[in-house]
Amino acid sequence: MTIPGEQSLSLLQEIADWGNTTTIILHGGCVFEFKGDFPKGSLAEGFYNLKGKKGFEGHLNLSKVKNIRFQDKQHRGKQSYALVFNDQDDTCIFKIFVGRTSKGELIEHQVKRFKELQAEYSQPQ
């Protein structure tokens with residue numbers, strides 16, 4: 001299921017309260033991965049500016065996000081859930097995965113909220 005990129009801000013603000021997640025950033029054939037709380041941000045000068053507590057910071061140009069896809073699939077034999085932020089060419093800019101415990105189990109309250117959001121956005125507006 002895909003939703004409009006205009007929903008980016010509200011989703012990112014919510015995810016900042018989820019706790020430990022995994023963020024994957026794809027750029028120039030490279031893959032960068034951050035495990036930890038997705039940082040809270042604020043809007044300024046056309047960007048959503050992330051200010052992390054433990055090293056994860058950045059500036060997101062949300063106008064570049066054309067759509068967001070709810071990804072629900074197996075990865076290396078385990079169920080995974082992610083929000084995939086795509087550009088106008090439907091190319092992934094970054095992904096935010098539901099987090100896992102130290103034992104590799106999905107964090108249940110995040111899975112629950114992911115599924116609630118998926119159901120909420122699938123309802124006719």
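Read on for an overview of the structure. Every value quoted in this text rests on a predicted model; they were computed, and no experiment measured them. (Residues numbered from 1 in each chain as written. Predicted model: local features only at pLDDT ≥ 70, side-chain atom pairs only at ≥ 80, totals over all residues. Heavy atoms only, no water.)

### A closer look at the side chain of N49
When you line up the elements, N49 lands in strand 5 (residues 47-51). Note on N49: relative accessible area 19%, which makes it buried. A distance of 3.4 Å separates a polar side-chain atom of N49 from the backbone oxygen of F47. (Helix = DSSP H or I, 4+ residues; strand = E, 2+ residues; numbered from the N terminus. Buried < 20%, exposed > 50% of the residue type's maximum accessible area, 1.4 Å probe, protein only. Polar contact = N/O pair within 3.5 Å; in protein donor to acceptor, adjacent residues only side chain to side chain.)

### Section: the pattern of salt bridges
Evaluated as defined, the whole model comprises six salt bridges. Between K40 and D17 there is a salt bridge, and its shortest N-O distance comes to 2.5 Å. Of this pair, K40 sits in the loop between strand 3 (30-37) and strand 4 (41-44) while D17 is found in the loop between helix 1 (8-15) and strand 2 (20-27), placing the two residues 23 residues apart along the sequence. By relative accessible area, which is 55% here, D17 ends up exposed. Close ionic contact of E33 with K35 constitutes a salt bridge, the shortest N to O distance being 3.5 Å. The class of K35 is exposed, set by a relative accessible area of 57%. One network of salt bridges, with partners in common, ties together E14, K112, R113 and E116. (Salt bridge = Lys/Arg side-chain N within 4 Å of Asp/Glu carboxyl O.)

### Notes on helix 2 (residues 108-122)
The end-to-end C-alpha distance of helix 2, which contains 15 residues, comes to 21 Å, matching closely the 21 Å that a straight helix rising 1.5 Å per residue would cover. Of all the positions in helix 2, only Q110, V111, F114, L117, Q118 and Y121 are classed as buried. Seen from one end, helix 2 has its buried residues packed into an arc of 130°, which puts them on one side. Residues of helix 2 that are exposed and point over 90 degrees away from its buried face: E108 and K112. Here the buried face of helix 2 lies against strand 1 (2-4), helix 1, strand 2, strand 7 (67-75) and strand 8 (78-86). (Expected span 1.5 Å × (residues − 1). Arc of directions from axis to C-beta. Contact = heavy atoms within 4.5 Å.)

### Thoughts on the sheet that holds strand 3
Spatial strand order, 1-7-8-9-2-3: six strands in an open sheet with antiparallel pairing. This sheet does not close on itself; its edge strands, each paired only once, are strand 1 and strand 3. Recorded for the sheet is a direction-independent mean angle of 25° between the axes of neighbouring strands. Alignment of strand 8 against strand 9 (residues 92-97), held across five bridges, turns out to be antiparallel. Within the sheet, the bridge partner assigned to V84 lies in strand 9 and is K95. (Pairing = 2+ DSSP bridges. Axes fitted to C-alpha atoms, helices over the stretch in contact; angles between N-to-C directions.)

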